[in-house]
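Structural characterization, general
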Amino acid sequence: MSLLEQTDTANRGMPVDEFTVSVVIPCLNEEENIEACVTQALEAMERAGIDGEVVVADNASEDRSAELATAAGARVVSEPRRGYGSAYLAGFAAARGKYIVMGDADLTYDFNEIPKFVKHLDDGAELVMGDRMDNIQPGAMPWLHRYVGNPVLSGILNFFFKTGISDAHCGMRALRRDVLPRLDLRTTGMEFASEMVIRAGKENLRISEFPIDYHPRGGESKLNTWSDGWRHLRFLLVHSPTHLFVAPGAILAGLGLLVSLISLLQIDLFGREWQLHTMIAGALLTIVGTQIVALGLCAHAYGAYFMGEKDPWFDRMRDRFRLEHGLVLGGVIATVGFIVAAVIVGQWIADGAGQLSEERTAIAATMLIIVGVQVFFSSFLLSILGLRRRDS
Ligand SMILES: Nc1nc2c(ncn2[C@@H]2O[C@H](COP(=O)(O)OP(=O)(O)O)[C@@H](O)[C@H]2O)c(=O)[nH]1
Ligand SMILES: [Mg+2]
């Protein structure tokens, strides 16, 4: 068995450490820069007395990147599946350092910072992030990315996942290789940068950050503002069912109930009465809102049961509420709706089946029946999703 094939069982099947640091560089058509990047990284480690290697994950470059990287002293691994994440996953799999330092192959990051990243890891951090935001050199980052894309996406990421990281998309970062199984990274595109930060937050890794410089790029950028921005945003949304579904759904439903009550009880608001159209809007909001909340709960259940995600909020909900609670709640709401509808029909018959003008009450009854039925069956669906857990 070669040294490379040896695995350390205590290290969850990962290959043993052969170096202190693996610098992993993803590379797609970077012949202008790759040689300088590899040389800079190797020299920085040599100067600091760090025992390290440089792994270039070549993403099927059509230029001389791979050849130049090898000549400069890097170990090149090829990853034919395009994408920033794909390239990194291949590079990580090949890395043999105790620590991994990540950086682009475009000379935007200074590999002379490697010793600082190593120091943070030595001091106990498990993920170390660079923070470019106060040291962006002229021409290094387009205006739209500097003032819109990065702050907005970092802001949403921190609002959703409370990681407290200043520059969540910084490409220069470092981590302990042995946290990779816990991070369980999967994404293939640029959203890989967000995935790592979010997963690190969810796993409660010790994260530290420090300011670094961001230089103008040599060669052509591989980042597409809109499609990569959307990939990041989409990733954030689908990994936070609370913010995608539960919170907006609850707000809509709450607002709907309020609007319905104002109309139904003929409450005088802003100097006028709110009538039939307001009731229709209130019912619509309530129905749509509860539907979205139900979808959110199912999304939480899917994450917890099928994706093995830690979800303390969902755990608390699950401890507090059982299937029967949902069935009773849905059943009661729908029954009240049916009774109101029956009273309207009964009165209509008693009045000789003539003219009927109970529109608002009828809409309220319909709303209650729809919401009740929805709660009833959504409770069953949640329970079905949970079957898997009980079986295992
Ligand atoms: N966007 C992109 N970058 C890749 C890919 N494969 C490797 N890379 C490398 O990932 C790094 C980041 O890309 P870059 O254009 O610098 O994006 P930016 O730093 O976000 O502006 C560079 O070193 C690329 O060469 C890929 O398929 N797509
Ligand atoms: Mg770059």
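Everything numeric in this text was worked out from a predicted model, so none of it was measured. (Residues numbered from 1 in each chain as written. Chains lettered and ligands numbered in written order. Predicted model: local features only at pLDDT ≥ 70, side-chain atom pairs only at ≥ 80, totals over all residues. Heavy atoms only, no water.)

**Overview of the site of ligand 1**
Lining the immediate surroundings of ligand 1 are 17 residues, of which Glu30, Asn59, Gly83, Asp104 and Lys222 lie closest. In this structure, proline 26 approaches ligand 1 through a main-chain N or O atom, which is 2.9 Å from an oxygen atom. A distance of 2.8 Å separates an oxygen atom of ligand 1 from a polar backbone atom of alanine 105. Here ligand 1, which alone exposes 560 Å², has 90% of that area covered by the protein. Here the residues of the shell around ligand 1 are counted per class, giving eight nonpolar, three polar and six charged. (Near = heavy atom within 4 Å. Polar contact = N/O pair within 3.5 Å; in protein donor to acceptor, adjacent residues only side chain to side chain. Areas by Shrake-Rupley, 256 points an atom, 1.4 Å probe, with all protein chains shown as cover. Nonpolar A, V, L, I, M, F, W, Y, C, P; charged D, E, K, R; others polar.)

**Brief notes about the nonpolar core**
Val23, Phe92 and Leu175 are the most contacted members of the largest nonpolar core, which totals 72 residues. With six residues, helix α7 (residues 192–202) is the largest single contributor of residues to this core. In this structure, leucine 175 is in contact with Phe92, Tyr99, Ile100, Met102, Leu121, Glu126, Leu127, Leu180, Leu183 and Met196, ignoring residues within four places of it in sequence. One finds Met279, Ile363, Met367 and Val371 within the second-largest nonpolar core, a separate group that totals eight residues. (Core = buried A, V, L, I, M, F, W, Y, C linked by side-chain atoms within 4.5 Å. Buried < 20%, exposed > 50% of the residue type's maximum accessible area, 1.4 Å probe, protein only. Helix = DSSP H or I, 4+ residues; strand = E, 2+ residues; numbered from the N terminus. Contact = heavy atoms within 4.5 Å.)

**Regarding the packing of helix α10 (residues 276–306) against helix α11 (residues 312–320)**
Where α10 contacts α11, the axes come no closer than 10 Å and their chain directions differ by 105°. With respect to their mutual orientation, α10 and α11 come out roughly perpendicular. From α10, Leu297, His300, Ala301, Ala304 and Tyr305 reach across to α11, where they touch Trp313, Phe314, Met317 and Arg318. Here the contact of α10 with α11 is built from residues that sort into seven nonpolar, one polar and one charged. (Axes fitted to C-alpha atoms, helices over the stretch in contact; angles between N-to-C directions. Parallel < 35°, antiparallel > 145°, perpendicular 65-115°, else oblique.)

**Side note on the UniProt feature "transmembrane region" (unreviewed entry) in the protein**
Residues annotated by UniProt as "transmembrane region" (unreviewed entry) correspond here to residues 244–267, 279–305, 326–350 and 362–387. Between the C-alpha atoms that bound residues 362–387 there is a distance of 38 Å. The span itself is 100% helix and 0% strand. (UniProt positions renumbered as here; feature names shortened; annotations may be inferred.)

**Quick word on the coordination of the magnesium ion (ligand 2)**
Within the protein, the magnesium ion (ligand 2) binds to Asp104 (OD) and Asp106 (OD); these donor distances fall in the range 2.0 Å. With respect to class, aspartate 104 is no different from aspartate 106; both count as buried. (Donors = N, O, S within 2.8 Å, 3.2 Å for Na, K, Ca; no water.)

**Some details on the packing of aromatic side chains**
This structure, assessed with the given rule, holds 14 aromatic pairs. Measuring from centroid to centroid gives 5.7 Å for phenylalanine 376 and phenylalanine 380, while their planes differ by 75°, and the two rings are edge-to-face. Pair noted here: phenylalanine 376 and phenylalanine 380 are both in helix α13 (residues 359–391), with a separation of four residues, about one helical turn. Among the residues examined, phenylalanine 376 registers a relative accessible area of 27% and is labelled partly exposed. Assessed through its relative accessible area of 33%, phenylalanine 380 is described here as partly exposed. In this structure an aromatic cluster arises from ring pairing among Tyr84, Tyr88, Phe92 and Phe192. Above the plane of the ring of tyrosine 147 lies arginine 146, whose end atom (NZ or CZ) is 4.9 Å from the centre. Arginine 272 extends its terminal NZ or CZ atom over the ring of tryptophan 274, reaching a point 4.8 Å from the ring centre. (Phe/Tyr/Trp six-rings, centres within 6.5 Å; stacked < 30°, edge-to-face > 60°. Lys NZ or Arg CZ within 6 Å of the ring centre and 35° of its normal.)

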